[in-house]
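Chains, contacts and geometry: an overview
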Amino acid sequence: MKVHFTETVLRDANQSLIATRMPFSDYEGILEALDNAGYYSLECWGGATFDSCLRYLGEDPWERLRKIKAKVKNTKLQMLLRGQNILGYKHYPDDVVRKFVARAVQNGIDILRIFDALNDFRNIEVAIDETLKQGAHAQGCICYTTSPIHNLDKYATMGKQLEALGVNSICIKDMAGIMGPQEAYDLIKALKSSVSVPVFLHTHSTTGLGPITYAKAIEAGCDGIDTAISSFSGGTSQPATESLNYAVKQMGYETGLNEKVLKEINDFFKPLKAKYVDSGLLDSFVMGTETDALVYQVPGGMLSNLIAQLKEQNASDRLEEVLAETPKVRKDLGYPPLVTPMSQMVGVQAAINVLTGKRYGNVSKEIKSYLRGEYGQAPGEVNQDLVHKVLGEEKPITIRFADTLEPEFEKIKAELGSKARNDEDVLSYIVFPQIAEKFFKEREERESRTVTYSIIKKQEDPIV
Ligand code: CO
């Protein structure tokens, strides 16, 4: 039996350790080796890479994808997509979602891993449908969380729902790294007995449970895991590729990975890591093991946000109270998984409730939209007193929020006119308007400089 390995160094490891600031030029030289290592797939696009390319790195994310594709000819390229949110935070109309998925596939993506923060699959079905229409692999996600209403039956039902949508595989996404080995074993067993598509597991090393959780998941029949090459593994990133390859083979499975090539890849990334440590981009703090998340049952990232937020308000001494309030707010909201954007929304509201001394005396704009049903359906029962208090007589919507949105791709394309050179530019603009506009302008300036330079250069060429 074979266990598939997805390498995350270009996306999740990059995002978790150095805020997605690795420019294409830093890793261009190792793409062929990454292609030859025997990975099932290479996660290299989506998530925060798109935003980071445009905002910080002056790179066109689409061009980056085409350049990766040119060098990675055999291994499948994988991206992470937030369903109806694409790569942003608001909901986009269906025509935009379809166009984005189609262009992602046409520019080189083979596998789209698609999730919704609330596990409301109405928010991922359009992206899944378009992925399949484009002939690519649709991987449907289940965001993992623990709560009194999340049990094995519920997860098995979600697995069946995803299978009914036609997904080619399912990924359980433990974004906080809080899944323990026994939970992984039971969950994978439950899913494997209810669906026939392959089941993948995604976790992080944050709490230190990652490798042992993967081992038990594999024992239960898990088909694939996400790992990062060792110099970019551990801490808030994924467990190490080489160590897991070693362990999984010892357990009697094939991995398809070539150790010599893995060493070559790691030798390439080691000096890059040293460079990022020197520049301060890589903080040793994120490389360590952080077990508080297990005590408080909130993701590590959410905990550090809360601490920073309270410090800003000169209220660091209220942390324990806020942490006690957090599960109560989560319960009132029907136990949403604590993944972006819900983790921030729940944390902020818990802090407001404690610091103002009046629960929901002040309610954030985002929580209001959530209670209106604009994010999708809550996993559990929402506190009706709270709904009434915030919305008054207004009734929450029960239809999918995107059904209330008008198509906008052609309209925005026409508005942009010559500012956008192609449909990819239009999509970048729709997802990150201000950032993309600034990027277009800088690109124009950069190119006119290059043209001037080459004209001067030509004139200076000696005539022979
Ligand atoms: Co992740």
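Our subject in this report is the structure included herewith. Computed from a prediction, not measured in an experiment: that's the story for all the values here.

Cut-off values and rules
Residues numbered from 1 in each chain as written. Predicted model: local features only at pLDDT ≥ 70, side-chain atom pairs only at ≥ 80, totals over all residues. Heavy atoms only, no water. Axes fitted to C-alpha atoms, helices over the stretch in contact; angles between N-to-C directions. Helix = DSSP H or I, 4+ residues; strand = E, 2+ residues; numbered from the N terminus. Parallel < 35°, antiparallel > 145°, perpendicular 65-115°, else oblique. Left-handed = near helix turned anticlockwise from the far one by under 90°. Contact = heavy atoms within 4.5 Å. Pairing = 2+ DSSP bridges. Salt bridge = Lys/Arg side-chain N within 4 Å of Asp/Glu carboxyl O. Buried < 20%, exposed > 50% of the residue type's maximum accessible area, 1.4 Å probe, protein only. Core = buried A, V, L, I, M, F, W, Y, C linked by side-chain atoms within 4.5 Å. Domains from an automatic or database assignment. Polar contact = N/O pair within 3.5 Å; in protein donor to acceptor, adjacent residues only side chain to side chain.

What follows concerns the packing of helix α6 (residues 94–106) against helix α20 (residues 423–431). For the pair α6 and α20, interaxial distance at closest approach is 10 Å and the crossing angle is 130°. The orientation of α6 relative to α20 falls into the category oblique. Of the two elements, α6 crosses α20, and the hand of that crossing is left-handed. Here α6 contributes Val96, Lys99, Phe100 and Arg103 to the contact with α20, which in turn contributes Asp423, Glu424, Leu427, Ile430 and Val431.

Attention now goes to the sheet that holds strand β4 (residues 111–114). Reading around the circumference, β1-β2-β3-β4-β5-β6-β7-β8 is the order of the eight strands in this closed barrel, with parallel pairing throughout. With strand direction ignored, the average angle separating the axes of adjacent strands in the sheet is 30°. Here strand β5 (residues 137–143) pairs with strand β6 (residues 169–173) via five bridges, running parallel. Across the sheet, residue Gln139 finds its bridge partner in β6, namely Ser169. Packed on one face of the sheet, α6 meets β2 (41–46), β3 (76–81) and β4 and runs near 160° to β3. Against the sheet, helix α11 (residues 241–250) contacts β1 (4–7) and β8 (224–227), and its axis sits at roughly 175° relative to β1.

Once their charged atoms are close, side chains differing in charge can pair, the charge on each being opposite to the other. Considering all chains together, one arrives at 33 salt bridges under this definition. In this structure, the salt-bridge partner of Asp129 is Arg98, at a minimum N-O distance of 3.0 Å. Here Asp129, found in helix α7 (residues 125–133), pairs with Arg98, found in helix α6; they are 31 residues apart in sequence, far enough to count as distant. Taking relative accessible area as the criterion, Arg98 reaches 26% and is therefore assigned partly exposed. In this structure, the salt-bridge partner of Arg359 is Glu325, at a minimum N-O distance of 2.9 Å. Separated by 34 residues along the polypeptide, Arg359 in the loop between α16 (342–356) and α17 (365–371) and Glu325 in helix α15 (residues 319–332) bring together distant segments of the chain. The class for Arg359 is partly exposed, based on a relative accessible area of 38%. A relative accessible area of 7% places Glu325 in the buried class. Linked through salt bridges whose partners overlap, the residues forming this network are Arg98, Asp129, Glu130 and Lys133.

Counting 97 residues, the largest nonpolar core has Trp45, Leu81, Phe100, Ile265 and Phe269 as its most contacted members. Residue contributions to this core reach at least three from each of two domains, namely domain 1 (4–284) and domain 3 (409–460). Contact partners of Trp45, with chain neighbours within four places excluded, come to Arg11, Phe50, Pro61, Trp62, Leu65, Gln78, Met79, Leu80, Phe100, Ala104 and Ile109. Leu118, Leu333, Val354 and Leu371 belong to the second-largest nonpolar core, a separate cluster that totals 31 residues.

By the element assignment, His202 lies in strand β7 (residues 199–202). Residue class for His202 comes out buried when judged on its relative accessible area of 1%. Of the polar contacts made by the side chain of His202, one reaches the side chain of His204; its length is 3.2 Å. A distance of 2.7 Å separates polar atoms of two side chains, one belonging to His202 and the other to Asp226. Apart from the residues within four sequence positions on either side, His202 is in contact with Asp12, Arg113, Cys171, Ile172, Lys173, Asp174, Tyr214, Asp226 and Gln238.

These values are about where atoms sit, not about what they do.
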